[in-house]
Amino acid sequence: MPTLPWKRAIVVGASSGMGEVIARRLAASGCKTALIARRESELNALRDALNAENEAPIAFAYPHDVAHTHEVNALFARITQDLGGLDLIVYASGVMPPVGPQEYDIEKDALMIEVNVTGAVAWLNEAAARFGKAKSGTIVGISSVAGDRGRTTGPVYGASKAFLNTYLEALRNRVARHGVKVVTVKPGPVKTPMTQGLGKLPFIISADEAADTILAAAALGVHTVYVPQKWRTIMAVIRAIPSPIFRYLNI
Ligand SMILES: NC(=O)c1ccc[n+]([C@@H]2O[C@H](COP(=O)([O-])OP(=O)(O)OC[C@H]3O[C@@H](n4cnc5c(N)ncnc54)[C@H](OP(=O)(O)O)[C@@H]3O)[C@@H](O)[C@H]2O)c1
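Just so you know, these numbers come straight off a predicted model, no measurement behind them.

Thresholds, definitions, all that
Residues numbered from 1 in each chain as written. Predicted model: local features only at pLDDT ≥ 70, side-chain atom pairs only at ≥ 80, totals over all residues. Heavy atoms only, no water. Helix = DSSP H or I, 4+ residues; strand = E, 2+ residues; numbered from the N terminus. Buried < 20%, exposed > 50% of the residue type's maximum accessible area, 1.4 Å probe, protein only. Core = buried A, V, L, I, M, F, W, Y, C linked by side-chain atoms within 4.5 Å. Contact = heavy atoms within 4.5 Å. Salt bridge = Lys/Arg side-chain N within 4 Å of Asp/Glu carboxyl O.

## Remarks on unusual backbone geometry
Consideration 1: Cis geometry marks the peptide bond from valine 227 to proline 228; its omega dihedral reads -10°.
Consideration 2: Here proline 228 is to be found in the loop between strand E9 (224–227) and helix H7 (230–240).
Consideration 3: You will see that phenylalanine 203, though not glycine, has its phi angle at about 55°, which is positive.
Consideration 4: In this fold, phenylalanine 203 is placed in the loop between strand E7 (190–191) and strand E8 (205–206).
Consideration 5: A relative accessible area of 44% means that phenylalanine 203 is categorised as partly exposed.

## Quick look at the nonpolar core
Consideration 1: By size, the foremost hydrophobic cluster in this structure holds 38 residues, and its most contacted members are Trp6, Ile22, Leu26, Val140, Val185 and Ile214.
Consideration 2: Sort the elements by how many residues they give to this core and helix H6 (residues 207–220) lands first, with eight residues.
Consideration 3: Sequence-distant contacts of leucine 26, that is, excluding residues within four places in its chain, are made with Leu4, Trp6, Ala9, Val11, Cys31, Thr33, Leu88 and Leu215.
Consideration 4: One finds Ala34, Ile36, Val95 and Val156 within the second-largest nonpolar core, a separate group that totals 35 residues.

## Here we look at the pattern of salt bridges
Consideration 1: Applying the stated criterion to the full structure yields nine salt bridges.
Consideration 2: One salt bridge connects aspartate 212 with arginine 25, and the closest N-O pair in it is separated by 2.6 Å. In this pair, aspartate 212 sits in helix H6 while arginine 25 sits in helix H1 (residues 17–28), placing the two residues 187 residues apart along the sequence.
Consideration 3: Since its relative accessible area comes to 26%, aspartate 212 is described here as partly exposed.
Consideration 4: Overall, arginine 25 belongs to the partly exposed group, its relative accessible area being 25%.
Consideration 5: With its nearest N and O atoms 2.9 Å apart, the salt bridge here joins aspartate 148 to lysine 186. Of this pair, aspartate 148 sits in the loop between strand E5 (138–142) and helix H5 (155–175) while lysine 186 is found in strand E6 (residues 181–187), placing the two residues 38 residues apart along the sequence. The pair aspartate 148 / lysine 186 is uniform in exposure class, with both members buried.
Consideration 6: A network of salt bridges, in which partner residues are shared, links Arg25, Asp208 and Asp212.

Purely geometric stuff here, so don't read any function into it on its own.
Structure representation (structure tokens):
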């Protein structure tokens, strides 16, 4: 794991799972870290635990629902002022409600679009505008291998991650010329509250391993990182399967 280069960071979706571990790693490296999510008690407990390990406050909690996009501009400005600037933003917020094979539920689908797509755009637009002007900064978006193919198991979850992939690529193409890094993260299954109760998942890894891989890739400015790396090969094969065969295989 290379030394983490950032001094001030925002982690959206820091109350559990990969976002929480990423926030822990950042604070442990001496990076002032803003913690964002809805669950205030989890955020405050994490903030207090991280600050107990430091003489000066290193972590700051900002309870927020990413569906409230009208709050983002002012909150982003407040946080960057509190941190004294910004070097890194990680968008880890995401939801994947269970969806049955014959279920078409607009409420569940709209929620996934709100959190996985609209919230990401609201926060990462702010970061791209700021970093583009500053001519430095790193944007990390946590997508998924699920965005690489249209699978039967979660049409809107997969599509929300496909949106994120294209959006992050476009941001990269806008801001790379200004020295800004944009990292697309595509994890396979990771042991977090999101995957609890889903049964045996292939090649599942811990949130610790995932966070270390993500931060190492972000520090190096890798464009797209599969987590763990073996998913790059697996998904290359899966993407190469012709559509009619993919439909027949139903994987
Ligand atoms: N676990 C996997 O196998 C896996 C695989 C591929 C990709 N991913 C992606 O990885 C990211 C992190 O997920 P995870 O596995 O670490 O799951 P997790 O522990 O459930 O974390 C999800 C995070 O999203 C936040 N969140 C959900 N709704 C929100 C809202 N309305 N406003 C603000 N924050 C919200 C949650 O905080 P609050 O509930 O406190 O708001 C939590 O911090 C997600 O984007 C997920 O799609 C996960």
